[in-house]
Structure formats: structure tokens, C-alpha cells
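# Tertiary structure, described
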Amino acid sequence: MAPLYSGSADEWSYVSHDTSNSQVKTIDFLIDNFEAEMKKGGPNLKSNPFTLKHTLWHIEVNPASKHEKDGRICVGIFVYNDNPVNLRVDCKFVIWGQHIERLVNQEIMPGGWAGIVGLSHEDCRKRLVEGKFKVGIEIKLIQEEKTVICGAKWNNVLETSNVVNKIHETMSFPDFKVICDGKVFHCHKAFLATGSSVFNNMLEANMKEANDGSVEIQNHNDIVIENFVKFFYTNHVKDKVLKNYASNFLDLGEQYQMLGLKKMAELAMIANLSTENMLKYFIAGDMYHATDIKDAAKVFIRKNRRSLVEQEGWRDAVTDRGLLLDLIESLSKE
């Protein structure tokens, strides 16, 4: 697995287990050479972001945190809210399978955290396995008034009503078709026009697609387009599909001016950055004007510069001279 924190090569920390239930997620954050980290006293060890119901989070472990009450130095474990809205969560903290503490109905502000401080260095040393410190966090997003927080800079989206679900499931009286690879996906003009300004203009202007009652989308497979059409009704893409085809949905979000889909794709790309895709995602972020994934990928590349330079032809992959200079400048920073 690709490292998600990069200090020196022998200090990498990474998410070793990540469940994909959409509303409850279990993350295991594994830190090598934790004894050395406690002696060093910082900085915080930060995991790569992960998604929870299309909201963005990360874990930080402070190996030398000062306890507020008695001033002693101990270990702190924190879950950070990387979204622009307040969110409520339940959190369960586990170290090597042993339950430590549970936080219930915690409201966390944007950029804020919920966590525990008070694990003594002596206690943590006893819990190390081959020098590794393993923190397990089970986090559940609490939904209030049936509101799904989408974790990006657009309005919160109300949970799809039973009526709209029924419309999509039965697909009664469709009046438009989206075609991909010979497969036809029936839908309704009203939903397309409401969800996309591009579709709205297309249908209002009596363009060829409006007259034909269909549009053909190329350069994507039928799995992507099936879920793309479904998104107009549900504002949701299945976690596995989103993870596997995030860059496709980023492309579609940009092409059809669908900010919600585009931001959702960016979150998935950030949460799944690796040494294998970091350059591809950096280029995609620039191409589709997606600054969040571009900036995240640039930082990830800088932290894993050794892996980048070992990739044959990486300079040739960045065809835009300005983008290449931007990347080289970033690599020169500490």
C-alpha cells in the first residue's frame, strides 16, 4: 500500500484498513517507529484524507501532546473535519483491538477536531507491536432532519425523497435517452435540465439532441454513464464506483457544469491518492480546473518525490510547460 504520511522512508504511516460503508467507516492508522516519534515530540502524524458519506476527514496523532489538566506529556489522537460545515459524529477509538474511548454526538466545526488526549508514553510503549502503533477509529456520521452533508463548498443536499426514488426506479414516462456504447439509459428532461446548466441550455435551445430526444456520450463506459444519469435523481454515486471512476466523474462534472458531482469526484480522488495515481490526478486537477485535487496531489507528490522520479517518463507526461514548472518548483520545496 502506498504511504499516506511520508517522513523519512522508515517513518511512513498509512491507513491499513478502510471499510466502505457509506455512513459508518472504520479506519486503522498504522505508524512505524512510534518510539522514535514520541522521543522526537512532533510534528503531528497526519493520515491521508478519507471520505465518509461524501464528506472529507483525516486523522492526526500527536506523539507528545500536553494534557490540559495536569500538564503531563502524552499521546493525542484526533479526527479532523475537513469540510466547510459543522458536522456531528460518533467516534470509537481502539488501539491494537482494545477499546479506549467513545465520543458520542460530537459536533465538529470546519477545520476542528474531536479526539482523546491522555495516553501515557509508558502505556503506549506497552501497546507497540514490532515498533508500530496502530490506532483504530470507527466514525459514524450523524444525519439530522434527513440531511446529507456533501462536504464541499456547495449547498447541503436534502436526502432524495421517496417520490423521486420511485420516479427513478420505475422510470415511468421517460422523455429523453442518454446513449453510451450502444446502451440506452432512459431519463427525464426535467431532471437533466435541473441538474445541469449545459443540459438546460441544450434542451431550451432546441438543439439537435433536444429534437432527437437523445444524447450520445463518448469516452466513458456504460457503468460511468449509468451512474451519471442516476446522479440526477439521487445526488449520489456508489462508493466503489466513485472510487474506481473518480476522474471520469470529474470530467463529466466539468463538461456538464455540475458542481456537486465535480466536488464529489474531487473528494474521492483526494481520499484515494497514491504514488500510482498522484501524477495523473495532478494533471487532471489542472485540466478540469479542480484546484482541491490539484493542490492535494501536488503536496502528495512533494512528500513522495522519490517515487515520482523513479517513474519512467514522468516529465513527458506533463505536456504543459507551465504545469511542469509549477510541479518542479513544488518539488524543490522542503
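These remarks concern the structure in this document. (Residues numbered from 1 in each chain as written. Predicted model: local features only at pLDDT ≥ 70, side-chain atom pairs only at ≥ 80, totals over all residues. Heavy atoms only, no water.)

## Points about unusual backbone geometry
Even without being a glycine, N33 presents a positive backbone phi close to 50°. For N33, a relative accessible area of 32% gives the class partly exposed. Although it is not a glycine, N235 adopts a positive phi angle of roughly 55°. Relative to the elements of secondary structure, N235 occurs in the loop between α7 (222–234) and α8 (239–244). The exposure class assigned to N235 is partly exposed, which follows from its relative accessible area of 32%. (Buried < 20%, exposed > 50% of the residue type's maximum accessible area, 1.4 Å probe, protein only. Helix = DSSP H or I, 4+ residues; strand = E, 2+ residues; numbered from the N terminus.)

## Regarding the pairing of strand β5 (residues 55–66)
The element β5 is extensively covered by neighbouring structure, given that 10 of its 12 residues are classed as buried. For strand β3 (residues 45–46) and β5, the ladder comprises 2 bridges, and the chain directions are antiparallel. Among the inter-strand pairings, L45 is bridged to a residue of β5, identified as V61. Here strand β4 (residues 50–52) runs beside β5; their pairing, made up of 3 bridges, is antiparallel. Note on β5: the bridge partner recorded for T51 is L56. (Pairing = 2+ DSSP bridges.)

## Looking at the pattern of salt bridges
Counted according to the given criterion, the structure contains 13 salt bridges. D222 is paired through a salt bridge with K183; the nearest N and O atoms lie 3.2 Å apart. With D222 in helix α7 and K183 in strand β14 (residues 183–187), this pair connects stretches of sequence that are 39 residues apart. Residue classification places K183 among the partly exposed positions, given a relative accessible area of 45%. The shortest N-O distance in the salt bridge between K208 and D212 comes to 2.7 Å. Placement of the pair is K208 and D212 together in helix α6 (residues 208–212), with a separation of 4 residues, close to one helical turn. What you see here is one network of salt bridges that share partners, running through E35, K39 and R125. (Salt bridge = Lys/Arg side-chain N within 4 Å of Asp/Glu carboxyl O.)

## Examining helix α10 (residues 259–271)
Taking 1.5 Å of rise per residue, the 13 residues of α10 would be expected to cover 18 Å, and the 18 Å separating its terminal C-alpha atoms lies within 8% of that figure. The buried count for α10 comes to 12 of 13 residues, which makes it a mostly enclosed element. Those residues of α10 not exposed but buried are G260, L261, K262, K263, M264, A265, E266, L267, A268, M269, I270 and A271. (Expected span 1.5 Å × (residues − 1).)

## As for the pairing of β14
In this structure, strand β13 (residues 176–180) lies alongside β14, joined through 5 bridges in antiparallel fashion. Bridged to I179 within β14 is V184. Linking β13 to β14, which pair antiparallel, is a turn of 2 residues; within it D181 sits at a positive phi near 50°.

By themselves these figures say nothing about function.
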